[in-house]
Structure formats: C-alpha cells, structure tokens
Amino acid sequence: MKWELVIPGDPVPWTGARKLGSAPNAPRRMPGRQERHAGLIRQCWEERYGGEGIWLEKGRPIRLVGHFYITRPRTTQYGSGRNERVLKPQAPRMPTGTPDLSNLLKMVEDALTKTLWQDDDQVVELGGWKRYVDWWEPSRSIVTVMAL
C-alpha cells in the first residue's frame, strides 16, 4: 500500500510541546502554528483519502518520505525593481539552515498519528529532502507513505 499527499504552503517544523504552567507535571500543548499545520496535514489527508481513516495496525512497518519545497527569501536573495526575479549570485542553492529536515518529517509523523497509523514508532524508514522554490512559485510538501 502506498499513499501520496500534497500539503500546500511552507512546511512548519516540529518544535516540541510547551508546558502549560510551572508545575513539574503540568500538561503540554503543541504551539498554535504547529497545531494549525498539523490540522492542515490531516485535512489534506481526509480530502484525498476520505475521513473514515485508514489504519495501519500496530506493528505494521512504514516508510515515510517527505519532499519539502520552501519559499526562497525574497528580500535577501533576489534583486529589486526589474531584477526582482533574478537570483543574486551569493544566494544559496539549497536551504541549509532552519527548518531542520528531521523536524519537518517529525511534524508529518505526529500529524498522521491516529489518522493513518496508531503510533509513529511504526515508521522504520525515513527519508526526504528540502529545496527552495522561487517566491512566485507555490511552496508545498509532498509526502509519500508506504506500508512495508
């Protein structure tokens, strides 16, 4: 079984849940931006494959591959005026800074938990890359999930 999912917009990395309160055992909650993006991932899944949920039983190994297309910063990597679509020579070819690829993949893992699989510990193969897209092109994430 293999599924492919396209998620529009710049990808959002996982940054960890935040504590609600100062007590050592205070509950944790995902930050709002992450929560919205996880919701978008689940919504894209439901629109593409239906809302009833496709469950891969506990113990079923999964391969997850993510291709993340990130909008290239317009103000620092492009010219201005008639050169607004001309990349500066010093602009990096690939996004070597944040967000980390591992955190982008973790966001997808956590968003699809309880939607496609029961627990993200079922992911046994992980792969992916991140690339820039020009500011006038749509940013997106393409996620492929395969049951092994």
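Residues numbered from 1 in each chain as written. Predicted model: local features only at pLDDT ≥ 70, side-chain atom pairs only at ≥ 80, totals over all residues. Heavy atoms only, no water.

## A short note on the environment of Pro-89
Here's step 1: Looking at the element boundaries, Pro-89 is found in the loop between helix H2 (74–77) and helix H3 (101–112).
Here's step 2: Placed 10 residues apart in sequence, Pro-89 and Gly-79 show a C-alpha to C-alpha distance of 10.0 Å. (Helix = DSSP H or I, 4+ residues; strand = E, 2+ residues; numbered from the N terminus.)

## Some thoughts on the environment of Pro-92
Here's step 1: Tracing the backbone shows Pro-92 in the loop between H2 and H3.
Here's step 2: Pro-92 sits in the partly exposed class, given a relative accessible area of 36%.
Here's step 3: In this structure, the C-alpha to C-alpha distance between Pro-92 and Tyr-132, residues 40 residues apart in sequence, is 9.3 Å.
Here's step 4: Once residues lying within four places of it in the same chain are set aside, the contact partners of Pro-92 are Arg-72, Gln-77 and Tyr-132. (Buried < 20%, exposed > 50% of the residue type's maximum accessible area, 1.4 Å probe, protein only. Contact = heavy atoms within 4.5 Å.)

## Concerning the environment of Gly-9
Here's step 1: Along the polypeptide, Gly-9 turns up in the loop between strand S1 (2–8) and strand S2 (18–19).
Here's step 2: Using a relative accessible area of 27% as the deciding quantity, one classes Gly-9 as partly exposed.
Here's step 3: Considered as a pair, Gly-9 and Ser-141 are 132 residues apart in the sequence and their alpha carbons are 7.5 Å apart.
Here's step 4: Beyond its immediate stretch of four places on either side in the chain, Gly-9 contacts Ser-139, Arg-140 and Ser-141.

## Topic: the packing of aromatic side chains
Geometrically, a pair of aromatic rings is defined through the distance of the ring centres and the angle of the planes.
Here's step 1: Applying the stated criterion to the full structure yields 5 aromatic pairs.
Here's step 2: What links up through ring pairs into an aromatic cluster is the set Trp-3, Trp-45 and Tyr-49.
Here's step 3: When the ring centre of Trp-136 is taken as reference, the NZ or CZ atom of Arg-85 above it lies at 4.4 Å.
Here's step 4: Directly above the ring of Tyr-69 sits Arg-140, whose terminal nitrogen or CZ lies 4.2 Å from the centroid. (Phe/Tyr/Trp six-rings, centres within 6.5 Å; stacked < 30°, edge-to-face > 60°. Lys NZ or Arg CZ within 6 Å of the ring centre and 35° of its normal.)

## Digging into the sheet that holds strand S6 (residues 140–147)
Here's step 1: Taking strand neighbours across the sheet as the criterion, the 4 strands line up as S1-S6-S4-S5 in an open arrangement whose pairing is mixed. The two strands at the open ends of the sheet, each matched to only one other strand, are S1 and strand S5 (123–133). The sheet shows a mean angle of 10° between the axes of neighbouring strands, direction not considered.
Here's step 2: With 7 bridges connecting them, S1 and S6 associate as antiparallel partners. From the neighbouring strand, Val-6 faces S6, where its bridge partner is Ile-142.
Here's step 3: Along the sheet face, H3 touches strand S4 (62–71), S5 and S6 and points at about 120° away from the line of S4. (Pairing = 2+ DSSP bridges. Axes fitted to C-alpha atoms, helices over the stretch in contact; angles between N-to-C directions.)

## Some details on the side chain of Lys-130
Here's step 1: Locating Lys-130 in the fold gives a position in strand S5.
Here's step 2: The buried charged residue Lys-130 lacks any salt bridge, with Asp-100 as its nearest oppositely charged partner at 5.3 Å.
Here's step 3: Within polar-contact distance, the side chain of Lys-130 engages the backbone oxygen of Pro-99 at 2.5 Å.
Here's step 4: With residues up to four places along the chain from it excluded, the contact list for Lys-130 reads Phe-68, Ile-70, Pro-95, Thr-96, Gly-97, Thr-98, Pro-99, Asp-100, Leu-101 and Leu-104. (Lys, Arg positive; Asp, Glu negative; His and termini not counted. Salt bridge = Lys/Arg side-chain N within 4 Å of Asp/Glu carboxyl O. Polar contact = N/O pair within 3.5 Å; in protein donor to acceptor, adjacent residues only side chain to side chain.)

## Examining the pattern of salt bridges
Here's step 1: Considering all chains together, one arrives at 6 salt bridges under this definition.
Here's step 2: Glu-57 is the salt-bridge partner of Arg-60, the closest N and O atoms lying 3.7 Å from each other.
Here's step 3: Given the relative accessible area of 21%, Arg-60 is considered partly exposed.
Here's step 4: Classification of Glu-57 as partly exposed rests on a relative accessible area of 45%.
Here's step 5: Overlapping salt bridges bring together Lys-106, Asp-110 and Asp-120 as one network.

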